[in-house]
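Read off the chains here:
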Amino acid sequence: RSRGGFHIDCPVADLSFRVGACAAMLSTMIFAGKIPADPFFVGVLLEKDPLENVTGISAGSAWQAEVEREQGWQHSYPSRWLQRHSRKDLDDSRAKSALWAEEVKEAMSHAWNGYRQTAWGYDQVHPKRGKPNTWFNLGLSIVETMDTLWLLGFRQEFDEAQRWVEEHLTFEGANTKPDSFFEATIRLLGGLLGAHSLSLRPIFLQRAKELGDRLISAWPPDADLPNSQVDIGANLSSHIGWRGRSFSTAEVGSCQLEFRYLSHHTGDPTYAIFADRAFNAILQATPDKGLVSANLLGNTRPVEQGSTITLGAHGDSYYEYLVKQYLQTSQTEPRFLERWKLAMQEMMSRLVHRSSDGYLYVAKEHDGNIVHEFDHLSCFIAGMLMQGLHELPVGEVPQDYMDVAAEITETCHAMYDTTSGLAPEIIDFSSGQKVIKPKDAFSLLRPEAVEAMYYMWYYTGDHIYREWAHSVLEGLNRSARTTHGYSSMEQINSVEQKMTDSCESFFYAETLKYLYLIQADPELVPLDKFVFNTEAHPLRIWRPGVDAPGGGLSASASGEGTETR
């Protein structure tokens, strides 16, 4: 109700999904001058009354920003932003981003409802047909999406997902088959740990421990590196036959954040021991080298195999986990820092190139020759450089890395300059100019470009990155949105844009999460307290020997009161 008798009637079938839409409607009318920006004037009349369902929803955030400005209140911004921008510019950015955040919530609502109504309990959904898709047979999309639901304020949906985890997520005797150890770790284990890190609810750590006890079966007796496949239900592992004795560096070097977190919070060192064994084997196989081969030979005392150097597929997250392991344990393990610094120095001197049409990109090497192509996956580099520059001690990272990160992010943004507004898997620069080859003109709705934009915005406050992220959302809504969610695309740069009728769980876990975080308050996930795993699951940082297990977002950051569960 309002003093002037004005109200907006918001009929709702699912209150927690619809409050954001009401807020966006109010905000639009405020900015159009139809409603005065007076906190006592505007009211929302809801047909349903259980207000506990609204907990955590940032309804009216755009309206709040406008009221603060009208009343002369000052919102708190990071000092690093105030060194670059006027308070007025930051206020303007905040007001615009509040509306865009509501659009991300609507996209999440659409995607999640599509999965929930047609594929609940299954791994993924066919978003056109509205049929379930099985991979691990362990409710992958539920596990992957929980921390995104939490951060977007969808507490009712989070609680429903928790009940599914409590009642249906079991591993012993599960109807599983041999599947990727790497994907099971970053998606399933990472999702459970991210939900635990944010909510502190013990069920997630319990399920993570149960899963971890089975994932360590990937290590054969006396082996340094884990096999590439695990059958979680049977508690067995195997190595993909066509790989022979070859192992992907990124795959065996991207379980450490998860396994170390699990050991810290359970008090059982077993998981960290296995993960450290794998990472130490990589470091020992490549002494005094920053950039390493994308493949290793042998699972015991492995050696480098081949001469392919890439920060794209098979190489990317090894470098990411170098610096993030250093950050995760509060910068107490310098061996990770020194190797990461060497890797970045070698990347800058050997792989960073500029095309004749002005795009900066990170190339690859094969047999000592430069391969002039840039993976969408490699967009993560910009965020990694920015995080290193701002979270590591002053002087450890050259200041000009920031310029490189900014230009890489520009290149990633340019990847979306297509007919569909979606980015291809790879851009080819062998001709000296940006070219999309037909075989690479597909889109899995990957998150790495928006991830780069998020880190650039988080550390600079530059509004342009919020605009770019919003344009990515517009492309998704224009070209990838379908009846039951969002679909990957077979061809993104032609008039005929054919959908694959598939949606990876990382679309919920990463793409939508980063699209929201860049429009939200930077303290929602403070990067001096959390690191994201390579699947964007936030894991709390700790100080070894000092911090007891536990930790979660403060009430002020999460928009939620103290958890009682």
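Residues numbered from 1 in each chain as written. Predicted model: local features only at pLDDT ≥ 70, side-chain atom pairs only at ≥ 80, totals over all residues. Heavy atoms only, no water.

A. Structural view of the environment of Ala 285. If you trace the backbone, Ala 285 turns up in helix H11 (residues 270-285). Spatially, the C-alpha atoms of Ala 285 and Leu 296 are 8.5 Å apart, while their sequence positions differ by eleven residues. In this view, Ala 285 contacts Pro 302, Val 303 and Glu 304; residues no more than four positions away in its chain are not counted. (Helix = DSSP H or I, 4+ residues; strand = E, 2+ residues; numbered from the N terminus. Contact = heavy atoms within 4.5 Å.)

B. Summary view of the sheet that holds strand S7 (residues 236-238). Strand order in the open sheet formed by three strands is S5-S6-S7, and the pairing between neighbours is antiparallel. Of all strands in the sheet, those bounded by a partner on one side alone are strand S5 (179-180) and S7. (Pairing = 2+ DSSP bridges.)

C. Layout of helix H16 (residues 448-460). With 13 residues, H16 should cover 18 Å at 1.5 Å per step; its first-to-last C-alpha distance of 18 Å lies within 8% of that length. Here H16 lies mainly inside the structure; 13 of its 13 residues are buried. Looking one or two places after H16, you find Gly 461, whose phi comes out positive at around 75°. (Expected span 1.5 Å × (residues − 1). Buried < 20%, exposed > 50% of the residue type's maximum accessible area, 1.4 Å probe, protein only.)

D. Focus on the environment of Ala 548. For Ala 548, the location among the structural elements is in the loop between strand S20 (538-540) and helix H19 (555-558). Of the residues examined, Ala 548 reaches a relative accessible area of 60% and is grouped as exposed. Each C-alpha atom, one on Ala 548 and one on Gly 267, is 9.7 Å from the other, the two residues being 281 residues apart in sequence.

E. Expanded view of the state of the cysteines. Enumeration according to the criterion identifies one disulfide in this entry. For Cys 379, the disulfide goes to Cys 412, at an S-S distance of 2.1 Å. Classification of the bridge connecting Cys 379 and Cys 412 rests on its S-S torsion, roughly -115°, and on that basis the disulfide is left-handed. One end of the pair, Cys 379, is in the loop between strand S15 (373-375) and helix H14 (380-391); the other, Cys 412, is in helix H15 (residues 401-414), with 33 residues separating them in the sequence. There is no split in this pair, since Cys 379 and Cys 412 are both buried. (Disulfide = S-S within 2.5 Å.)

F. Local environment of the pattern of salt bridges. One pass over the structure, following the stated rule, counts 30 salt bridges. The closest approach of N and O atoms between Glu 407 and Arg 354, which form a salt bridge, is 2.6 Å. Of this pair, Glu 407 sits in helix H15 while Arg 354 sits in strand S11 (residues 352-354), and the two are 53 residues apart along the sequence. Judged by relative accessible area, Glu 407 falls into the partly exposed class, the value being 25%. Shared partners join several salt bridges into a network, and the residues in it are Glu 183, Arg 187, Glu 504 and Glu 535. (Salt bridge = Lys/Arg side-chain N within 4 Å of Asp/Glu carboxyl O.)

G. Region of interest: the sheet that holds strand S8 (residues 246-248). Strand order in the open sheet formed by three strands is S8-S9-S10, and the pairing between neighbours is antiparallel. Looking at the sheet topology across the chains shown, the edges are occupied by S8 and strand S10 (303-305). The average angle at which neighbouring strand axes cross in this sheet is 45°, direction not considered. As paired elements, S8 and strand S9 (residues 295-297) share three bridges and run antiparallel to each other. (Axes fitted to C-alpha atoms, helices over the stretch in contact; angles between N-to-C directions.)

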